[in-house]
Amino acid sequence: MGVGVLLFVTFGIALLATLLSVVTLAGAAYVGWAVTRRGTVARHSGVGVPVALAARRRA
């Protein structure tokens, strides 16, 4: 039983580390995407047009 618990804990820690890595990478990718999208207004075709932040109209 002791070996089973040890294996369970080991796999649990490995799974937790893997999930933490995936979440960190996904968060970094999202932040990178958001930074590159800042200062652009999307057209209908999906291509961004650079626009000054002060020139945007408030909704």
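1. Examining the packing of aromatic side chains
And step 1. The full count for this structure, using the stated rule, is one aromatic pair.
And step 2. Arranged with centres 5.8 Å apart and planes meeting at 35 degrees, the rings of Tyr30 and Trp33 form a pair that is tilted. Placement of the pair is Tyr30 and Trp33 together in helix 1 (residues 2–37), with a separation of three residues, close to one helical turn.

2. Focus: the confidence of the model for the protein
One rule of thumb: low pLDDT means the predicted coordinates there are not for detailed reading.
And step 1. Averaged over every residue, the pLDDT of the protein is 79; the share at 70 or more is 64%.
And step 2. By mean pLDDT, the top-scoring element of the protein is helix 1 (92), and the lowest-scoring one is strand 1 (residues 40–42) (56).

Parameters at a glance
- Residues numbered from 1 in each chain as written.
- Predicted model: local features only at pLDDT ≥ 70, side-chain atom pairs only at ≥ 80, totals over all residues.
- Heavy atoms only, no water.
- Phe/Tyr/Trp six-rings, centres within 6.5 Å; stacked < 30°, edge-to-face > 60°.
- Helix = DSSP H or I, 4+ residues; strand = E, 2+ residues; numbered from the N terminus.
- pLDDT = per-residue confidence, 0-100.

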